[in-house]
Structure formats: structure tokens, C-alpha cells
Amino acid sequence: MFTRLDTFARLLYEKLLRYVLKFGIVGLAGYVVDVGLFNLLRVGVFGDDHFFQGPIGAKIISAGVATIATWFGNRYWTFREHRRKNYLLELAEFSTVSVGGILIGLACLWVSHYLLGFTSLLADNISSNVVGLVLGTSFRFLLYRFWVYGHHRADGLTTRASSDGQRPAQVSTSHRPNGSEHAKVTRGG
């Protein structure tokens, strides 16, 4: 029974949880970029009386910059073994999903700011950077994991390696008798 539980736990980690953890770290970095730039634009650091100082304009710019930053993080770290040969198509699909997530956040901001009348900076941050973030992040994770970086994609690294009769490179560590670790890169077939 414990071996089944152990096997299930390993499978759950390998297929989902490790992606969630990495995605969360990359997302946190993107969140810092997004929230920081949003608030700098809202308080007028880059000038006053322009569209990008308003809540919608500031969110469009901050989310756009954060999207580019998170694409790099997800492509080269979170989903690196599933990244695509055609990086322009990957970026286009990633951006499409990101725009969907941004629209979810913008809808939350619009409802709060314009429909419900909560116009303070705090209310804008809660509606956009808390409620909109949770809904938009869930949407993005699912579509990134199972569509943009899906293992089934014909031009992904996983598919290319398996069509060559190889698995993508795996890094494993082993402990030496002196207590140090040794990293070993292997390819299965």
C-alpha cells in the first residue's frame, strides 16, 4: 500500500506539483513587475494626465511588461522540457493566453472601479491584483500547462526527443561517500 501511495505521490509531483511550484515562482516575479509598474503609473511617476496613468491604461502596460518577463521564465525554466522549436508560435499562443488572463483581471478592475464605484488605489489593487490575479492565474496555468506547453505538441522538445528514440535529458544527483553530491545528466531511450 505504501508503495502505491509513494508511486502516486511521485507521479502527482512529476506531472503537476513541480510545474505549479515553478509557475508560482515565475508568477511571483511577474506579479512584482506588474504591481510595481501599475502603481508607479497610477501615482504619476512617468507623468500626469495621460491614459496610462488611469487604472485601465496602467494595467495594460504593467500586465504587458509582466507577460514578456513571465514568458521567458516559463519557457526556460518552468516548462523547459516542453518548450517549442517554433518560439514565435509559442510566444503568440502564450500571449493569447496571457491576454485572456489580463482580460479577466481588467474585468474585475472595471467592475470594481466603474460599476461598483470603488475608486481608491486600495480598491483598484484588491480588484485587480488579488481577485483578478487569482482568477487569471488559474486560467493561465491550465492553458499554459495543457495547451501552450502540452506534451502532445508536435514541435515540443519532448515529442522531438521521443521521435528520435530518446527522452529529454534528466538530471539526477547522487551522494558520494564523502558527503558531496554528483550531478549526472542521462538520456533514456
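Higher on the page you've got the structure.
Residues numbered from 1 in each chain as written. Predicted model: local features only at pLDDT ≥ 70, side-chain atom pairs only at ≥ 80, totals over all residues. Heavy atoms only, no water.

## Re helix 4 (residues 121–148)
Its 28 residues give helix 4 an end-to-end C-alpha distance of only 34 Å, which falls more than 12% under 40 Å, the value for a rise of 1.5 Å per residue. The sharpest bend along helix 4 reaches about 45 degrees and sits at Leu 133. (Helix = DSSP H or I, 4+ residues; strand = E, 2+ residues; numbered from the N terminus. Expected span 1.5 Å × (residues − 1). Bend = angle between axes of the 7 residues up to and from the residue.)

## Some words on unusual backbone geometry
Even without glycine at this site, Asp 49 takes up a positive phi of about 55 degrees. Take Asp 49: it is sitting in the loop between helix 1 (2–42) and helix 2 (55–78). By relative accessible area, Asp 49 is classed as exposed at 77%. (Buried < 20%, exposed > 50% of the residue type's maximum accessible area, 1.4 Å probe, protein only.)

## What about the nonpolar core?
Core analysis: the biggest nonpolar cluster contains ten residues, these being Tyr 19, Phe 23, Trp 71, Phe 79, Phe 94, Val 97, Phe 141, Tyr 144, Val 148 and Tyr 149. No other element matches helix 4, which puts three residues into this core. With residues near it in sequence (within four places) discarded, Tyr 149 still touches Trp 71, Asn 74, Arg 75, Phe 79, His 82, Arg 83, Glu 90, Phe 94 and Tyr 144. (Core = buried A, V, L, I, M, F, W, Y, C linked by side-chain atoms within 4.5 Å. Contact = heavy atoms within 4.5 Å.)

## Digging into the packing of helix 1 against helix 2
At their nearest, the axes of helix 1 and helix 2 sit 8 Å apart, and the two run at 155 degrees to each other. With respect to helix 2, the axis of helix 1 lies roughly antiparallel. Like other packed secondary-structure pairs, helix 1 and helix 2 cross with a definite hand, here right-handed. Here the residues of the contact of helix 1 with helix 2 are counted per class, giving 15 nonpolar, six polar and four charged. (Axes fitted to C-alpha atoms, helices over the stretch in contact; angles between N-to-C directions. Parallel < 35°, antiparallel > 145°, perpendicular 65-115°, else oblique. Left-handed = near helix turned anticlockwise from the far one by under 90°. Nonpolar A, V, L, I, M, F, W, Y, C, P; charged D, E, K, R; others polar.)

## Some thoughts on helix 1
Residues separated by three or four positions in an α-helix point in the same direction, a consequence of the helix having 3.6 residues per turn. A maximum bend of about 50 degrees is found in helix 1 at Tyr 13. The first or second residue beyond helix 1 is Gly 44, which carries a positive phi of 90 degrees.

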